[in-house]
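Architecture at a glance
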Amino acid sequence: EPEVTQTPSHQVTQMGQEVILRCVPISNHLYFYWYRQILGQKVEFLVSFYNNEISEKSEIFDDQFSVERPDGSNFTLKIRSTKLEDSAMYFCASSTRGVWDSTGNTIYFGEGSWLTVV
Amino acid sequence: RKEVEQDPGPFNVPEGATVAFNCTYSNSASQSFFWYRQDCRKEPKLLMSVYSSGNEDGRFTAQLNRASQYISLLIRDSKLSDSATYLCVAAHYGGSQGNLIFGKGTKLSVKP
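Residues numbered from 1 in each chain as written. Chains lettered and ligands numbered in written order. Predicted model: local features only at pLDDT ≥ 70, side-chain atom pairs only at ≥ 80, totals over all residues. Heavy atoms only, no water.

1. With respect to the sheet that holds strand 7 (residues 60-65) of chain B
Whether parallel or antiparallel, the strands of a sheet pair through hydrogen bonds between backbone atoms. Residues and elements named next belong to chain B. Here is the rule: By definition, two strands form a pair when at least two bridges between them are found by DSSP. Here a helix means four or more residues in a row that DSSP labels H or I, a strand means two or more in a row labelled E, and each is numbered from the N terminus. The angle between two axes is taken between their N-to-C directions and runs from 0 to 180 degrees, where each axis is a line fitted to C-alpha atoms and a helix contributes only its stretch in contact.
Overall, antiparallel pairing links the 5 strands, which are arranged 1-3-8-7-6 in an open sheet. Each end of this open sheet is capped by a strand with a single partner; those strands are strand 1 (4-6) and strand 6 (55-57). Pairs of neighbouring strands in the sheet enclose a mean axial angle of 20°, with direction left out of account. Alignment of strand 6 against strand 7, held across 3 bridges, turns out to be antiparallel. Paired with Glu 56 across the two strands is Thr 61, which belongs to strand 7.

2. Overview of the environment of Arg 22 of chain A
Residues and elements named next belong to chain A. Defined as follows: For the exposure calls, accessible area comes from a 1.4 Å probe over protein chains only, and a residue counts as buried if that area is under 20% of its type's maximum, exposed if over 50%, partly exposed in between.
With respect to the element layout, Arg 22 can be found in strand 3 (residues 19-24). Given a relative accessible area of 41%, Arg 22 falls into the partly exposed group. Spatially, the C-alpha atoms of Arg 22 and Glu 68 are 9.7 Å apart, while their sequence positions differ by 46 residues.

3. Considering the side chain of Gln 6 of chain B
Residues and elements named next belong to chain B. Inclusion rule: The definition of a polar contact used here is a pair of N or O atoms within 3.5 Å, where within protein one atom must be able to donate a hydrogen and the other to accept one, and adjacent residues in sequence count solely through side-chain atom pairs. By the convention used here, residues are in contact when the closest approach between their heavy atoms is within 4.5 Å.
Checked against the element boundaries, Gln 6 lands in strand 1. Looking at Gln 6, its side chain comes within polar contact range of the main-chain oxygen of Tyr 86, at 2.9 Å. Among the polar contacts made by the side chain of Gln 6, one reaches the main-chain amide nitrogen of Cys 88 at a distance of 2.9 Å. Discounting residues that sit within four places of it in the chain, Gln 6 has contacts with Asn 22, Cys 23, Trp 35, Tyr 86, Leu 87, Cys 88, Gly 103, Lys 104, Gly 105 and Thr 106.

In structure tokens form, the structure reads like this:
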């Protein structure tokens, strides 16, 4: 089965440091997403990306966050200056079509990157 | 406010039991719905999409009631391997794309 891969699986960083989380979406997918899940909380949408630009972003995705697709395979999430409350599991996801198209569409999630800010 | 609400759980059931999860959504404009399964500290995995007519996949049956903005998941003949957190998800369409709105999840524990 195709899979979304994420690195690192776990990162510990000091408050104020920059963090880059990396993702390799499934190769023929066109839509990319970042979600996060704070321990014990629900999965929350951060941002969606299509055609080399942000399609939609949530209130969480403020100026400290940015995404990039630097080449044909990687999709990165950068947190410029981490805060304690950024500690969470960050999931990358990808799909062949947008979420409005549920017909045979599956959004695949990576295994996540666990970020701990100390 | 776009929200998906679920039974808080946890549900502790014996093997072979039938268990039902309920979910309500607040955004009447949501068009697509899903049940995801999440194991502890793992990624969400799609269990099944939910269609207006209801749909079944083996031991799993999902129902959607748009009038009541209500979604359900029924698991028959529970297995130990069904133990997980079940996430109710609505697709919200905004801007040019849309995103998934997750419920907090209902934890299921199936005991021998």
